[in-house]
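Residues per chain, in single letters:
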Amino acid sequence: MDDAIIIKGGKKLNGEVRISGSKNATVALIPATVLADGVMTIFDVPNISDVGALITLLNELNVKVTRKANHLIIDTENIKNVTLDHEAVSKLRASYYFMGALLGRYKYVKIRMSGGCYLGPRPINLHLKGFEALGATVDYDDGYYIIKADELIGTNIYLDFASVGATINIMMAAVFAKGRTVIENAAKEPEIIDLSSMLNKMGAKIRGAGTNEIVIDGVERLHGCNHEIIPDRIESGTYIIMAAACAEKMRIVNVIPQHLESLLLKLEEMGIKMNIGIDYIEVFASKNLKGVEIKTLPYPGFATDLQQPLSALMTQAFGVSKVRDTIYPERTKHLHELALMGADVEKESNSFTITGPTPLKGTTVTATDLRCGASLVIAGLLASGETIIKDAYHIYRGYENIKEKLKSLGADVE
Ligand code: EPU
């Protein structure tokens, strides 16, 4: 079957897996390169389809991109600010970071509406409010945003919600704005710190990333630099949960454990045995797992991106587990698929419960979105018999070489 991952479950996983560079950092860093005059080299770029789509968009802008092993060399010398109407825009959410980046550089951007996983409504009002506060006007016409300004002037911007995307887009729009921009109630995710550190290496003056107040003093120009992307905390979390579900002993390397504290504490509460190193985590086979309650919150709270993978493990825990996703309350499509495999799930108005342990049985399921796909991979590894995960393209958007990584751990995957 095309575009399906087929897993024969029940195998114990063993060995080591290396975590790739962070998807959600990469998808901000790539658009940010258009702010540079000069050559940028970015290391540990994951080979995932979202990166492919962003490279297509850089090429549309006449930016030269060379991939060597896992790094990208990006040369903006002949960049042209054309309308971004390529279908790649609608393949992912993060194409909208070209709004902030091109507005910042050219004071003008025309781009079609971006796409990405459906997780319920995903408005961008806070991004647009930030651009307007800097002096831009925003028009939406026939599927295209046109955002322009005579000049961008630094100001104080308060975000009603600490949105990751709005924080990143406003940072990029503000790097060349006159004077000082202060983003209050900014998002604190590690990917924002990574973007800030790359922009500062390029010559920007940004302080406070990682706190709820980010201060940006406008500069005249930015130059090229070298930058290595942080490890992907969501891919790390996914493999840690997978190990908790089906490993004898697994070592997950190239991780930053501090980025995963809320997950690691929950896993400990469930009874998972782990050894947490400086840049690695070992997970050991654990018995008699206990159900837990989680509530997803902005970083450093429990990540919404990990509630779906954790749901698969919850099916194996004794008692009732409860999940409340306050970021995306409608991020529950995985429940229908897990139920097809035998999970005991119940949706409530703004939460859901999983009662376990229940044996899972392989069947045909659909990856309705990226992290639903990750959840089904874990469920498939746990299940008896064969699990066919359709629409696996969602999974390749965010997990580099997932089949190869799983095979090297001893999984039976095609
Ligand atoms: N929101 C608004 N208005 C806005 C922006 C956001 O109301 O203008 C709301 C959203 O509807 C949502 C909440 O604020 O309820 C959080 O949205 P946020 O802007 O923080 O998320 P995002 O930038 O759209 C990024 C990640 C997501 C991750 C969230 C939360 C990228 C490309 N995406 O999305 O990652 O779930 O932050 O941490 O960085 C994934 O990797 O699977 C994924 C979906």
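Residues numbered from 1 in each chain as written. Predicted model: local features only at pLDDT ≥ 70, side-chain atom pairs only at ≥ 80, totals over all residues. Heavy atoms only, no water.

Colleague: Is there a simple way to explain the side chain of Arg371 in this structure?
Modeller: Checked against the element boundaries, Arg371 lands in helix H11 (residues 370-382). Here Arg371 sits buried without a salt bridge, and the closest side chain of opposite charge, Asp305, lies 4.5 Å off (N-O distance). Leave out the neighbours within four places in its chain, and Arg371 touches Lys23, Asn24, Ile234, Asp305, Gln308, Pro309, Arg331 and Tyr399. (Helix = DSSP H or I, 4+ residues; strand = E, 2+ residues; numbered from the N terminus. Buried < 20%, exposed > 50% of the residue type's maximum accessible area, 1.4 Å probe, protein only. Lys, Arg positive; Asp, Glu negative; His and termini not counted. Salt bridge = Lys/Arg side-chain N within 4 Å of Asp/Glu carboxyl O. Contact = heavy atoms within 4.5 Å.)

Colleague: For this particular structure, what's the right way to read unusual backbone geometry?
Modeller: Comment: phi is negative for the bulk of residues other than glycine, and the bulk of peptide bonds are trans. For the bond from Tyr299 to Pro300, the omega torsion is 10°, close enough to zero to count as cis. Secondary-structure assignment places Pro300 in the loop between strand E19 (293-296) and helix H9 (304-314). In this structure, Pro357 follows Gly356 across a cis peptide bond, with omega equal to 0°. Following the sequence through the fold, Pro357 ends up in the loop between strand E22 (352-356) and strand E23 (364-366). Non-glycine residue Asn401 carries a positive phi angle of around 45°. With respect to the secondary-structure elements, Asn401 resides in the loop between helix H12 (393-396) and helix H13 (402-408). What makes Asn401 partly exposed here is its relative accessible area of 38%.

Colleague: I keep staring at the packing of helix H1 (residues 23-32) against helix H6 (residues 190-201) and nothing clicks. Help me out?
Modeller: Relative orientation and spacing of two packed helices are given, respectively, by the angle between their axes and the distance between those axes. Close contact between H1 and H6 brings their axes to 9 Å; oriented N to C, the two are set at 30°. Relative to H6, the element H1 is oriented roughly parallel. Remark: the crossing between H1 and H6 carries right-handed chirality. Every residue of H6 that contacts H1 at Asn24, Ala25, Ala28, Leu29 and Ala32 is listed here: Glu191, Asp194, Leu195, Met198 and Leu199. Tallied by class, the residues present in the contact of H1 with H6 amount to 7 nonpolar, 1 polar and 2 charged. (Axes fitted to C-alpha atoms, helices over the stretch in contact; angles between N-to-C directions. Parallel < 35°, antiparallel > 145°, perpendicular 65-115°, else oblique. Left-handed = near helix turned anticlockwise from the far one by under 90°. Nonpolar A, V, L, I, M, F, W, Y, C, P; charged D, E, K, R; others polar.)

Colleague: Teacher, can you tell me more about the side chain of His394 here?
Modeller: Within the element layout of this structure, His394 appears in helix H12. Looking at His394, its side chain comes within polar contact range of the side chain of Tyr393, at 3.3 Å. Once residues within four sequence positions are removed from consideration, His394 is found in contact with Ala367, Thr368, Asp369 and Leu370. (Polar contact = N/O pair within 3.5 Å; in protein donor to acceptor, adjacent residues only side chain to side chain.)

Colleague: Looking at this structure, I do not really get the site of the ligand. What am I missing?
Modeller: Looking at the ligand, there are 24 residues lining it, with Asn125, Ser163, Asp305, Ile327 and Arg371 nearest. The contact in question runs from an oxygen atom of the ligand to an N or O atom on the backbone of Leu126, over 2.7 Å. In the complex, the protein chains occlude 89% of the 830 Å² of accessible area that the ligand would expose alone. Put simply, the parts of the chain that give the shell around the ligand at least two residues each are H1, helix H4 (125-133), helix H5 (164-174), H9 and H11. Split into classes, the residues belonging to the shell around the ligand amount to 12 nonpolar, 6 polar and 6 charged. (Near = heavy atom within 4 Å. Areas by Shrake-Rupley, 256 points an atom, 1.4 Å probe, with all protein chains shown as cover.)

Colleague: I tried to follow the sheet that holds strand E7 (residues 108-112) on my own but got confused; where do I start?
Modeller: Strands belonging to one sheet form pairs held by backbone hydrogen bonds; the direction of such a pair is parallel or antiparallel. Ordered by their spatial adjacency, 3 strands build an open sheet running E7-E9-E8, and the pairing between neighbours is antiparallel. For this open sheet the edge positions go to E7 and strand E8 (137-141), each flanked by a neighbour on one side alone. When strand polarity is set aside, the average angle formed by the axes of neighbouring strands in this sheet is 15°. With 5 bridges joining them, E8 and strand E9 (residues 144-148) adopt antiparallel strand pairing. Directly across from Tyr140, in E9, lies its bridge partner Tyr145. (Pairing = 2+ DSSP bridges.)

Colleague: How do you make sense of the sheet that holds strand E15 (residues 226-228) when you look at a structure like this?
Modeller: Ordered by their spatial adjacency, 4 strands build an open sheet running E5-E6-E4-E15, and the pairing between neighbours is mixed. If you trace the sheet from one side to the other, it starts and ends with strand E5 (64-68) and E15, each paired once. Adjacent strand axes in the sheet meet at a mean angle of 15° when their direction is disregarded. Inspection of the sheet shows strand E4 (residues 39-43) paired to E15 by 3 bridges, in the parallel sense. Following the sheet pairing, Thr41 is matched in E15 by Asn226.

Colleague: Please explain the packing of aromatic side chains as it appears in this structure.
Modeller: To describe a pair of aromatic rings, you give the distance between the ring centres and the angle between the ring planes. One pass over the structure, following the stated rule, counts 2 aromatic pairs. Between Tyr140 and Tyr145, the aromatic rings sit 4.6 Å apart at their centres with planes inclined by 50°, giving tilted as the arrangement. When the ring centre of Tyr144 is taken as origin, the NZ or CZ atom of Lys110, which lies over that ring, is 5.3 Å away. The ring of Tyr280 carries Arg251 above its face, with NZ or CZ at 4.0 Å from the centroid. (Phe/Tyr/Trp six-rings, centres within 6.5 Å; stacked < 30°, edge-to-face > 60°. Lys NZ or Arg CZ within 6 Å of the ring centre and 35° of its normal.)

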